[in-house]
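Letter by letter, the chains look like this.
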Amino acid sequence: QVQLVESGGGLVQPGGSLSLSCVGSGFDFSMAPIQWYRRPPGKDRTFIASISNNGDYTNVRPPVKGRFTISRDNAKNTVYLQMNSLEPEDTAVYYCMTRLLDGGIVRDFFGQGTLVTVSS
């Protein structure tokens, strides 16, 4: 079945960096655009970045644009989110997502998330 597994979260000080990974299985990873979302404590989940199936096109949204970079390695079925200059406001659970045709229905598949805490 379709599976997305995020990793790389943890506790980091303000100004620090983290690299998140999202490993996909159960589908043709090289054909699937991937998105990153995050859910801060007590807030809704929001879209922050996306990458096309071959990595040629990326989109990183404010307020993380210029600090976060999305990339992928299809040979490893992995999408990365490099996060630099982290701020306390970046504290959130981070999820990767892909949208697939499943039994004739378009469905969004999310991973379980990885927690990033930015604090001194």
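These remarks concern the structure in this document.

Quick notes on the rules
- Residues numbered from 1 in each chain as written.
- Predicted model: local features only at pLDDT ≥ 70, side-chain atom pairs only at ≥ 80, totals over all residues.
- Heavy atoms only, no water.
- Helix = DSSP H or I, 4+ residues; strand = E, 2+ residues; numbered from the N terminus.
- Rg over C-alpha atoms; globule rule 2.2 N^0.38 Å.
- Buried < 20%, exposed > 50% of the residue type's maximum accessible area, 1.4 Å probe, protein only.
- Polar contact = N/O pair within 3.5 Å; in protein donor to acceptor, adjacent residues only side chain to side chain.
- Contact = heavy atoms within 4.5 Å.
- Pairing = 2+ DSSP bridges.
- Axes fitted to C-alpha atoms, helices over the stretch in contact; angles between N-to-C directions.

Quick look at the overall build of the protein chain now. Summing up its helical and strand segments, the protein chain has 0 helices and 11 strands in all. Helices (α) and strands (β) of the protein chain occur, in sequence order from the N terminus, as β-β-β-β-β-β-β-β-β-β-β. A globule of 120 residues ought to have a C-alpha radius of gyration of about 14 Å, and the protein chain, at 14 Å, matches this closely. Buried residues in the protein chain amount to 40% of all 120 residues.

For the rest of this paragraph, the subject is unusual backbone geometry. Following P62, the chain continues into P63 via a peptide bond in cis, with omega recorded as 5°. Its place among the elements puts P63 in the loop between β6 (58-60) and β7 (68-73). A positive phi angle, near 55°, is found at N77, a position not held by glycine. Along the chain, the position of N77 falls in the loop between β7 and β8 (78-83). One non-glycine residue, S85, adopts positive backbone phi at about 50°. On the secondary structure map, S85 appears in the loop between β8 and β9 (92-102). The partly exposed category is assigned to S85, whose relative accessible area is 41%.

Tracing the chain through its elements places D90 in the loop between β8 and β9. Polar side-chain contacts of D90 include one of 2.9 Å to the side chain of R38. Setting aside its immediate chain neighbours within four residues, D90 contacts R38, V64, R67, F68, S85, V116 and V118.

Here we have 4 strands laid out as an open sheet, ordered β1-β3-β8-β7, and antiparallel in their pairing. In the strand order of this sheet, the two ends are held by β1 (3-7) and β7, each with one partner. Looking at each pair of strands side by side, their axes are set apart by 15° on average, direction ignored. With 6 bridges connecting them, β7 and β8 associate as antiparallel partners. Bridged to F68 within β8 is M83.

Right, let's talk about the pairing of β9 for a bit. Note that strand β4 (residues 34-39) and β9 share 5 bridges and pair antiparallel. Counted as the bridge partner of Q35 is M97 from β9. One ladder, built from 6 bridges, connects β9 with strand β10 (residues 105-110); its direction is antiparallel. Of the residues in β10, the one forming a bridge with R99 is D108. Between the antiparallel neighbours β9 and β10 lie 2 residues, among them G103 with a positive phi of about 60°.

Everything listed here is a matter of geometry and, on its own, says nothing about what the molecule does.
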